[in-house]
Amino acid sequence: MQFNVRPYVCGALGRIDPVVVAKLAAAGPRCRPALQSEHAVLYSTAPLPPYRRAEGRFAFSWGERRPDPADERSGAWMAVAETYETPGLIGEGSRVTLHAGALGLVDVYHVRIGEAVYFSSLIQPLLSLVPVEIDWAAWASIIQVTFPLGEATPYTEVKRLPGSAALVFDGERLSTERLLPRWLRQEPHEAWTSAEEILAILHEVYADYDGRRLLVPVSGGYDSRLLASVAVARGSDVESWTTSPDDGTDTDIAFARSITRELGIPHRVVTQDAAAYPDDALEVARRLEYLTPHHAWYAPFAKEVHGAGRVLVDGLAGGPLLKNFMVSGAALEATTQAERSAAVLKSLSLGTPSQPFLSPEADAWVAQTVRDQFAAATSMLHGHKAELPLSVLHTRTVRGIARSAVNLVGPEAGFAAPFIHPGFFDAALSVGVARKAGGRFYRELLHAANPRVAALPSTNVIKQPLRRVPLRSTAAPARAYSHRMLAKVAERVPALLSEELHEVIAGGPDALTRFSGWNDRFWARGLVLFGVWLSDFESDLGELRPPF
């Protein structure tokens, strides 16, 4: 991992032990001091000048967007977090604040030792300071919903600073500060903003990228064709790449060709090799620090982006904001908070597999644990007019889906996420959920951007027969890799797996061919990821005692 665009940082705040912070700095990528004071230390792999500095005051950030020191709002941590979606370290007199972005897209991990907090962009360096102990609740959510919830990581002692949260040292003690972001402080009211008005706002957002070489990875869906259409309309230097999402159809590639042909932009297909899948999957698991089983298919694409010399324009958050993605009819029709939360969690969770993957005891414990975690992670959204899309955005989008742009494209290459720009985010959120139902509003927006591109086939609305292609993730090399990792889980935590899955594992790699359905594949991937983690940390883990 090369920190070309976004630096790796680590540091501490509070009553800092210089021996501990030196150990942390030595455990990660080579870095140099950016700040050294009695109660705040910051190291960075690249020069990191503060965006604001005065006598007794300082302010640093290390996200994709740098705060404007002339912006009056840049003095308050929450204003910086929600305007620029960046983490940072702010000092004012004896008060030091370490904050996440409002959504928490850029990771901040931390451990507490005594009266100090030690933090890092990566989990691994923090493990030099604390013992490696499994967080069973985190693994429950990684397996069931494919990402951790709240502040959880695979390790009991290491926490992730959630969006809109800060750790504060006031000169005497440490505390946690959680504030409501802009979109929760001010509930959006249906203003009947038209598709044309939303499109105009998106053009304004793109002004930030004028003069930059752009790469829009067009797939067959709505988000990428909208972003590509706006880039072309603005006369940007833009090209597009597409790769297989390893979904067994490769419809994205066929549809992307027609979209880019209509737009008149250069298009490239990044190919994938089934034989390389185990190495790709292992690399992604480790690079994403075992937090999600997603994105192994994206690895070859991300590596090519690193050398493209272009800013990747990502459709992050487009689904929840513009088309009610993962908001079910049951959630829309729910009459109580309990029904609404249960419906959203059901949409986010993996579906029922063709056979039990977990033992009855583990299944019951995992389900209850994830329910409790999800309730805690989304409690601030309860009763909000946009609760349903925000529940998806604050969980799956941030902790799972965003990892491809943030941690696989970045930090080597820059990325832009126009849909989370404050102006566009607020306008899109103000469009009522009912208007977005069935993708109706999104189709109006696409027609306003480019009616000819809007009329082309989309993977969001597929009516024609699908052409089936072999999956990399179920080919022979992948089966051998997956079987090794599942066998590790069966060896170390036999009580987690069902009798049926134990029988499949005993049948060898080719027995995994029975798992051809979508739900089966994702249940297997989560357990395979757990197996990778167990293998990589085998020498650090003692006897494992699951709570079920």
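Structural data are supplied above this passage.
Residues numbered from 1 in each chain as written. Predicted model: local features only at pLDDT ≥ 70, side-chain atom pairs only at ≥ 80, totals over all residues. Heavy atoms only, no water.

Caption draft 1: Up close: the sheet that holds strand β7 (residues 95–99). In space, the 6 strands of this open sheet follow the order β4-β5-β6-β7-β11-β12, with antiparallel pairing throughout. If you trace the sheet from one side to the other, it starts and ends with β4 (52–54) and β12 (174–178), each paired once. Shown here is a sheet whose adjacent strand axes are inclined to one another by a mean of 15 degrees, direction ignored. As paired strands, strand β5 (residues 57–61) and strand β6 (residues 88–92) are joined by 5 bridges and run antiparallel to one another. Its bridge partner being in β6, Phe60 is matched across the sheet by Leu89. (Pairing = 2+ DSSP bridges. Helix = DSSP H or I, 4+ residues; strand = E, 2+ residues; numbered from the N terminus. Axes fitted to C-alpha atoms, helices over the stretch in contact; angles between N-to-C directions.)

Caption draft 2: Expanded view of the environment of Ser539. Here Ser539 shows up in the segment after α22 (518–536). The exposure class of Ser539 is exposed, given its relative accessible area of 73%. Along the sequence, Ser539 and Val132 sit 407 residues apart, while their C-alpha atoms lie 9.9 Å from each other. (Buried < 20%, exposed > 50% of the residue type's maximum accessible area, 1.4 Å probe, protein only.)

Caption draft 3: The sheet that holds strand β16 (residues 311–313), seen in detail. With respect to topology, 5 strands assemble into an open sheet ordered β15-β14-β13-β16-β17, the strand pairing being parallel. Bordering the open sheet on either side are β15 (267–270) and β17 (415–416), each of which pairs with just one other strand. Where strand β14 (residues 238–243) lies against β15, 4 bridges are found, and the strand directions are parallel. Across the sheet, residue Thr243 finds its bridge partner in β15, namely Val270.

Caption draft 4: Focus on the packing of helix α6 (residues 222–233) against helix α18 (residues 440–449). Following both chains from N to C, one finds α6 and α18 inclined at 25 degrees, their axes separated by 10 Å at the closest point. The orientation of α6 with respect to α18, classified from their angle, is roughly parallel. The handedness of the crossing between α6 and α18 is left-handed. Of the residues in α18, those in contact with Tyr222, Asp223, Arg225, Leu226 and Ser229 of α6 are Tyr442, Arg443, Leu445, Leu446 and Ala449. Its residues assigned to classes, the contact of α6 with α18 shows 6 nonpolar, 1 polar and 3 charged. (Parallel < 35°, antiparallel > 145°, perpendicular 65-115°, else oblique. Left-handed = near helix turned anticlockwise from the far one by under 90°. Contact = heavy atoms within 4.5 Å. Nonpolar A, V, L, I, M, F, W, Y, C, P; charged D, E, K, R; others polar.)

Caption draft 5: Molecular detail of the pattern of salt bridges. Counted by the stated rule, this structure contains 30 salt bridges. Overlapping salt bridges, with partners in common, bring together Arg213, Asp237, Glu239 and Arg310 in one network. (Salt bridge = Lys/Arg side-chain N within 4 Å of Asp/Glu carboxyl O.)

Caption draft 6: Representation of the pairing of strand β9 (residues 116–120). Counting buried residues in β9 gives 5 out of 5 residues, a clear majority hidden from the surface. Side chains of β9 alternate between two faces, with Ala116, Tyr118 and Ser120 and Val117 and Phe119 buried alike. Sheet topology note: the strand β1 (residues 9–14)/β9 ladder contains 5 bridges and is antiparallel. Its bridge partner being in β9, Gly14 is matched across the sheet by Ala116.

Caption draft 7: Structural detail: the environment of Leu263. Structurally, the position occupied by Leu263 is in helix α7 (residues 251–263). C-alpha of Leu263 to C-alpha of Leu393: the two residues are 130 residues apart in sequence and 30 Å apart in space. Each residue touching Leu263, except ones within four places of it in the same chain, is listed here: Ala228, Ser229, Val232, Asn450 and Val453.

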